Amino acid sequence: PRRRVLSIQSHVVHGYVGNRCAVFPLQLLGYEVDFINSVQFSNHTGYPLWKGTVMDGDQLWDIIEGMKANNLLEYSHLLTGYIGSASLLQTIERLVALLRQHNPGLIYVCDPVMGDHGKLYVKPEVVPCYQEIVPLATVMTPNQFEAEKLVSESIVTEEDAVAACNKLHKRGVATVVMTSFHPEGVEDHLLLIASTRMSQDDGLPSQLRLKIPRSAAYFTGTGDLLTVLLLARLDRQPRNLKAAVESAVASLQAVLQATVKAAGESAFAKERDAQVAKDRELRLIDNQHLLKYA
Ligand code: ADP
Ligand code: MG
Ligand code: MG
């Protein structure tokens, strides 16, 4: 299967995070996308409240058994995002092995969603499960905090960030994209650090940093969308990390700018308010042309 993705992430009925950021863009880029919802919530957790249900490992395995019985487990890519419980993540570990029996070349893109800015938003027992999953992943897209958790070391300097990428390579991950690194004392930009062991076209760097101007607006789902764009761009240009990353970030930034413009003052509001959260949902449908390959 050339372009057939199994995506396991959260689902919200209204708005854009998790699978709602993944399925449509991937389909637009020509991928068959089969998806399993790790949660089904009314809306994302930036709203004053949310309602819904959470999947556990047994429920996931039940679905996998149905797929297995019908010989439906041939995928080019597995993509995982928010996985809230240890039982679900352990089941994904079993699933990766099963999918590789059907396709030894399966690319596993793992966004190790654990938290941000010093705060965990999964149960603490999920952290060691992600550490265990590292050797199975082909591509990982942690933010700075998640990279710290994966390697059990604090990341303060850019050298620390690169060292963390190298440590993940040693454990078997071919490509690491640290989607945001915040250098101390720097307010006006963030850094993205990308590193690969895949052989690159002649003379191209296998490690690079991208300076991204920081917007004062608040967003949800940006990391989820970036991981999807990276999956597609890296698939298209596996021997040019720099081009793939630049193209993914350019698309994402264009969507963010369009979202800020459409959200007006709500883009910068600090309060947890339903209307504000709704106003700044990513504008994926209106701006779908920005997701396509440039
Ligand atoms: P996560 O949501 O997983 O923590 P990141 O915070 O790393 O994801 O954000 C992913 C990408 O979204 C960044 O690489 C950057 O391109 C973009 N982004 C996120 N927040 C901002 C911001 N405030 N200003 C500009 N770009 C942002
Ligand atoms: Mg972040
Ligand atoms: Mg994220």
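Everything below is about the structure shown above.
Small disclaimer: the values here were computed from a predicted structure and weren't measured.

J.: I keep staring at the sheet that holds strand E1 (residues 4-12) and nothing clicks. Help me out?
T.: Paired through their backbone hydrogen bonds, the strands of a sheet run either parallel or antiparallel. Taken together, the 9 strands give an open sheet; going across it, the order is E3-E2-E1-E4-E5-E8-E9-E10-E11, and neighbouring strands pair in mixed fashion. Across the chains shown, the open sheet's two edge strands, defined by having one partner strand only, are strand E3 (52-54) and strand E11 (207-213). In the sheet, E1 pairs with strand E4 (residues 77-80) via 4 bridges, with the strands oriented parallel. The residue of E4 that forms the bridge with Ser7 is Leu79. Lying over the sheet, helix H1 (residues 19-28) contacts E1, strand E2 (32-41) and E4, oriented at roughly 145° with respect to E1.

J.: Quick question: what am I supposed to make of the site of ligand 1 here?
T.: Of all residues adjacent to ligand 1, which total 15 residues, the nearest are Asn143, Thr179, Ser180, Ser215 and Gln253. In this structure, an oxygen atom belonging to ligand 1 sits 2.9 Å away from a side-chain N or O atom of Asp116. A distance of 2.8 Å separates a nitrogen atom of ligand 1 from a polar backbone atom of Ser215. A total of 560 Å² of accessible area belongs to ligand 1 in isolation, and the protein chains cover 87% of it.

J.: Sorry if this is basic, but what is going on with the nonpolar core here?
T.: Side chains of nonpolar character tend, in soluble globular proteins, to be buried together. The biggest cluster of nonpolar side chains holds 47 residues, and the ones touching the most others in it are Ile8, Ile64, Leu78 and Met178. No other element matches helix H3 (residues 86-102), which puts 8 residues into this core. Residues contacting Leu78, with those up to four places away along its chain left out, are Leu6, Ile8, Leu95, Val96, Leu99, Leu106, Ile107, Tyr108 and Val109. Listed in part, the 38 residues of the second largest apolar core include Tyr16, Val23, Ala232 and Ala248.

J.: Please clarify how the packing of H1 against helix H7 (residues 222-236) should be interpreted in this entry.
T.: When two helices pack together, their arrangement is given by the angle between the helix axes and by the axis-to-axis distance. At their nearest, the axes of H1 and H7 sit 8 Å apart, and the two run at 30° to each other. Considering their axes alone, H1 and H7 lie roughly parallel with respect to each other. Note that H1 runs across H7; the crossing there is right-handed. On the side of H1, the interface is formed by Cys21, Ala22, Pro25 and Leu26, while H7 contributes Asp224, Leu225, Val228 and Leu231.

J.: Explain helix H4 (residues 126-133) here, please?
T.: In an α-helix, one full turn covers 3.6 residues, which means residues spaced three or four apart are oriented alike. Looking only at H4, the buried set comprises Val126, Val127, Cys129, Tyr130 and Ile133. Taken down its axis, H4 places every buried residue within 160° of arc, on the same side. Tucked inside the fold, the buried residues of H4 contact H3, strand E5 (107-110), strand E7 (119-120) and helix H5 (144-151).

J.: Please clarify how the side chain of Gln144 should be interpreted in this entry.
T.: Considering the arrangement of structural elements, one finds Gln144 in helix H5. A polar contact is formed between the side chain of Gln144 and the backbone nitrogen of His182, at a distance of 2.8 Å.

J.: How do you make sense of empty space enclosed by the protein when you look at a structure like this?
T.: Over the atoms, a rolling probe the size of a water molecule traces out where space has been left empty. The final tally for this structure, using the stated rule, is 1 cavity of 30 Å³ or more. If you add up the space inside the largest cavity, you get close to 30 Å³. Lining the largest cavity we find His44, Tyr218, Phe219, Thr220, Ala277, Arg280, Glu281 and Leu282. Taken together, the residues of the lining of the largest cavity break down into 4 nonpolar, 2 polar and 2 charged.

J.: Before we go on, may I ask you to explain the state of the cysteines in this structure?
T.: Within this structure, the stated rule accounts for 0 disulfides. Summary of cysteine pairing: Cys21 is not part of a disulfide, and the nearest cysteine sulfur, belonging to Cys110, is at 17 Å. By relative accessible area, Cys21 is classed as buried at 0%. Not part of a disulfide, Cys165 finds its nearest cysteine sulfur in Cys110, a span of 14 Å. By relative accessible area, Cys165 is classed as buried at 1%.

J.: Looking at this structure, how should I read the pairing of E4?
T.: Note on strand geometry: in a regular strand, side chains alternate between the two faces of the sheet. Of the two faces of E4, the one carrying His77 and Leu79 and the one carrying Leu78 and Thr80 are both buried. Inspection of the sheet shows E4 paired to E5 by 4 bridges, in the parallel sense. Bridge pairing links Thr80 to Cys110 in E5. Handedness of the crossover joining E4 and E5 through H3: right-handed.

Conventions adopted
- Here, residues in each chain are numbered from 1, in the same order as that chain's written sequence.
- To read the labels, note that chains go from A and ligands from 1, taken in the order they are written.
- Reporting in this predicted model follows two pLDDT cut-offs: at least 70 for local features of residues, and 80 or more for side-chain atom pairs to be given and counted; totals over whole chains, interfaces and linings ignore these cut-offs and use all residues.
- Side-chain metrics in this entry use all non-hydrogen atoms of the structure; hydrogen atoms and water are not considered.
- A pair of strands counts as paired when DSSP detects no fewer than two bridges linking them.
- Each helix corresponds to a stretch of at least 4 residues labelled H or I by DSSP, and each strand to a stretch of at least 2 residues labelled E; elements are numbered beginning at the N terminus.
- Contact between two residues is taken to exist if any of their heavy atoms lie within 4.5 Å; hydrogens are not considered.
- Throughout, an axis means a line fitted to C-alpha atoms (over the contacting stretch in the case of helices), and angles, computed between N-to-C directions, take values from 0 to 180 degrees.
- Residue proximity to a molecule or strand is established when one non-hydrogen atom of the residue lies within 4 Å of it.
- Whenever a nitrogen or oxygen atom comes within 3.5 Å of another N or O atom, the pair is scored as a polar contact, on the condition that within protein one atom can donate a hydrogen and the other can accept it, and that pairs from neighbouring residues in sequence are kept only if both atoms are in side chains.
- Each accessible area is a Shrake-Rupley estimate made with a 1.4 Å probe; only the visible protein chains count as cover when residues are assessed.
- Here, nonpolar core refers to any group of buried Ala, Val, Leu, Ile, Met, Phe, Trp, Tyr and Cys residues whose side-chain atoms link them within 4.5 Å.
- Here's how the labels work: a residue is buried when its accessible area is under 20% of the maximum for its type, exposed when over 50%, partly exposed in between, all with a 1.4 Å probe on protein chains only.
- Every angle not falling under 35 degrees, over 145, or within 65 to 115 is termed oblique; those three ranges are roughly parallel, roughly antiparallel and roughly perpendicular.
- Crossings are classed by handedness, with left-handed meaning an anticlockwise turn of the near helix from the far one by less than a right angle and right-handed meaning a clockwise turn.
- Note: the arc covers the axis-to-C-beta directions of the helix.
- The rule is simple: put a 1 Å grid over the protein atoms alone, call a set of points where a 1.4 Å probe fits but cannot get out a cavity, call an open set with protein on both sides within 12 Å along at least five of seven lines a pocket, and count a residue as lining if it has an atom within 4 Å of a point.
- Grid points are joined across faces, edges and corners, and a volume is the space filled by probe spheres set on the points.
- Just so you know the grouping, Ala, Val, Leu, Ile, Met, Phe, Trp, Tyr, Cys and Pro go in nonpolar, Asp, Glu, Lys and Arg go in charged, and all remaining residues, Gly too, go in polar.
- The term disulfide is used for any two cysteine sulfur atoms that are within 2.5 Å.
- Orient the strands so they point away from the viewer; a crossover is then right-handed if the path from the first strand over the helix to the second runs clockwise.

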